[in-house]
Amino acid sequence: MYDPSELGVFASTHALGRKELVSLVQNTEELGYRSLWFPEALSYESFSLASYLLSNSNKVTIGTGIANIYARDATTSAQGYDSLNRLFDDRFILGLGVSHISFVEGARGHRYGKPLSTMTRYLETISNAVIDKTLRIKNRNIVLAALGPKMLKLAATKSKGAIPYSVTPEHTAQAREVLGPRAWLFVEQKVCLTSNKSEARAVAQEQMGRYIKWQNYRNNWLRMGFDEDDLKGDGSSRFLDAMVCWGNEKKIQNCLEAHFRAGASQVLIQAFNPEGSHGTDLRALRAFAPNN
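Report on the accompanying structure.

The rules we used
Residues numbered from 1 in each chain as written. Predicted model: local features only at pLDDT ≥ 70, side-chain atom pairs only at ≥ 80, totals over all residues. Heavy atoms only, no water. Axes fitted to C-alpha atoms, helices over the stretch in contact; angles between N-to-C directions. Helix = DSSP H or I, 4+ residues; strand = E, 2+ residues; numbered from the N terminus. Parallel < 35°, antiparallel > 145°, perpendicular 65-115°, else oblique. Left-handed = near helix turned anticlockwise from the far one by under 90°. Contact = heavy atoms within 4.5 Å. 1 Å grid on protein atoms, 1.4 Å probe; cavity = no way out; pocket = protein on both sides within 12 Å on 5 of 7 lines; lining within 4 Å. Points joined across faces, edges and corners; volume = space filled by probe spheres on them. Nonpolar A, V, L, I, M, F, W, Y, C, P; charged D, E, K, R; others polar. Phe/Tyr/Trp six-rings, centres within 6.5 Å; stacked < 30°, edge-to-face > 60°. Buried < 20%, exposed > 50% of the residue type's maximum accessible area, 1.4 Å probe, protein only. Expected span 1.5 Å × (residues − 1). Arc of directions from axis to C-beta. Polar contact = N/O pair within 3.5 Å; in protein donor to acceptor, adjacent residues only side chain to side chain.

### Looking at the packing of helix H5 (residues 115-128) against helix H6 (residues 149-158)
Point 1. Where H5 meets H6, the closest approach of the two axes is 10 Å, and the angle between their N-to-C directions is 10°. With respect to each other, H5 and H6 are oriented roughly parallel. Seen along the crossing, H5 lies across H6 with a hand that is right-handed. Contacts between H5 and H6 pair Pro115, Leu116, Met119, Thr120 and Leu123 from the former with Lys150, Met151, Leu154 and Lys158 from the latter.

Spelled out as structure tokens, the structure:
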């Protein structure tokens, strides 16, 4: 059974080439992080990328954060999960999510259904999928992209847990209360290792700009105590500072520890370069590395 303790890494992989991907996963492993997670949009396909990262590492767990359930049917997801874990010694976790209308209807031509009922049916199909006995894994490590209480409850009852994105320690505490004590709670936290306010805010504006327009995130931020003024334009300073923790090592470490105190099983560091260049900030990963 996978033990989701300590720290993991969350990284955008859309713009990374083969050598950069290998460097990312091998640095993640060598620094002692427990896992490496990546999103799925319209760049690398999740299972293909997971296979590449697994084949270029030895012990780190690879997780999809998240695989779009509209990108492949549930039986294919079950096959993909079982295949990767058979081939790579149980090092793959399947994070699933309903994604966004633009990635479902606009990009793929599917009809975007009601999130809760659609995910419920998808999980039921995965559970009942007829997979060859030589391949099938009965106890799958599946977690859900869950923000609101209903999806969190589904994550607790029909999967191993949840992977919330762009949340605060206060949300982590609320999620833990809904999930109960045993469910896994992987929490992504954006960080920028700089004490330069202008640099940090510019990075936060760039990163949050793509999310601030999506209603599911907005609804969750409003539940978390932000208001419409916080979500206007590029976002208020209060909002940006809550989403991207910046400052010296001690300040960022306190932010990570706040999620653990609130009930996170594992905190996933998404480290941005202060100068705004693409890719993960290796300097930040080294600063908070479990092997240090």
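### Description of the layout of surface pockets
Unfilled space is identified by rolling a water-sized probe across the atoms.
Point 1. Size it by volume and the largest pocket reaches roughly 1200 Å³.
Point 2. Around the largest pocket sit 49 residues that line it, and His100, Tyr211, Trp214, Asn216 and Tyr217 are the ones nearest its centre.
Point 3. Looking at the lining of the largest pocket, the elements with two or more residues in it are helix H4 (101-108), H5, H6, helix H8 (197-208), helix H9 (215-223) and strand E10 (266-271).
Point 4. Broken down by element, the lining of the largest pocket gets its largest block of residues, five residues, from H9.
Point 5. Of the residues that constitute the lining of the largest pocket, the class distribution is 26 nonpolar, 18 polar and five charged.
Point 6. In this model, the second largest pocket occupies a volume close to 280 Å³.
Point 7. If you trace the second largest pocket, you find it lined by Leu123, Glu124, Ile126, Ser127, Arg136, Lys138, Asn139, Arg140, Ile142, Lys158, Ser159 and Lys160.
Point 8. For the lining of the second largest pocket, the residue count by class is three nonpolar, three polar and six charged.

### Some thoughts on the packing of aromatic side chains
Point 1. Inspection of every chain in the model, using the stated rule, returns 14 aromatic pairs.
Point 2. Taking the centre distance of 6.2 Å and the plane angle of 55° together, the rings of Tyr165 and Tyr217 count as tilted. Of this pair, Tyr165 sits in the loop between strand E7 (161-162) and helix H7 (169-179) while Tyr217 sits in helix H9; the two residues are 52 residues apart in sequence, bridging distant segments of the chain. Both residues of the pair, Tyr165 and Tyr217, count as buried.

### Some words on the packing of H6 against H7
Any two packed helices are characterised by the angle at which their axes cross and by the distance between the axes.
Point 1. The interhelical angle for the contact between H6 and H7, taken along N-to-C directions, is 50°, at an axis separation of 8 Å. In terms of orientation, H6 lies oblique with respect to H7. Here H6 runs over H7; the crossing is right-handed. In this structure, H6 contributes Pro149, Leu152, Lys153, Ala155 and Ala156 to the contact, and H7 contributes Ala175, Val178 and Leu179.
Point 2. For the contact of H6 with H7, the per-class residue count stands at seven nonpolar, no polar and one charged.

### Some thoughts on helix H11 (residues 249-262)
Point 1. Across its 14 residues, H11 extends 20 Å between first and last C-alpha, which sits within 8% of the 20 Å expected from 1.5 Å per residue.
Point 2. For H11, every residue scored as buried is listed here: Ile252, Cys255, Leu256, Ala258, His259 and Ala262. Looking straight down H11, one finds its buried side chains confined to an arc of 145°; they lie on one side. Opposite its buried face, H11 presents the exposed residues Lys250 and Arg261, each directed more than 90 degrees away.
Point 3. Against H7, strand E8 (184-192), strand E9 (244-246) and E10 lie the buried residues of H11.
Point 4. Gly263 occupies a position one or two residues after H11 and carries a positive phi of about 120°.

### A look at helix H3 (residues 74-87)
Point 1. The terminal C-alpha atoms of H3 lie 20 Å apart, and with 14 residues this matches the ideal 20 Å at 1.5 Å per residue to within 8%.
Point 2. Ala74, Ser77, Ala78, Gly80, Tyr81, Asp82, Leu84 and Asn85 are the residues of H3 that are buried.
Point 3. Looking one or two residues beyond H3, the residue adopting positive phi is Asp89, at roughly 55°.

### Description of unusual backbone geometry
Point 1. The omega torsion across Gly65 and Ile66 is 15°, close enough to zero to call that bond cis.
Point 2. The topology assignment puts Ile66 in the loop between strand E3 (61-64) and strand E4 (67-68).
Point 3. Unlike most non-glycine residues, Asp89 shows phi in positive territory, near 55°.
Point 4. Topologically, Asp89 is positioned in the loop between H3 and strand E5 (92-97).
Point 5. We classify Asp89 as exposed; its relative accessible area is 66%.
Point 6. In the Ramachandran plot, Ser166 falls in the positive-phi region, its phi being about 60° despite a non-glycine side chain.
Point 7. Positionally, Ser166 belongs in the loop between E7 and H7.
Point 8. You can call Ser166 buried: its relative accessible area is 2%.

### Some remarks on the side chain of Gln266
Point 1. With respect to the element layout, Gln266 can be found in strand E10.
Point 2. For Gln266, a relative accessible area of 0% translates into the label buried.
Point 3. There is a polar contact of 2.4 Å between the side chain of Gln266 and the side chain of Ser35.

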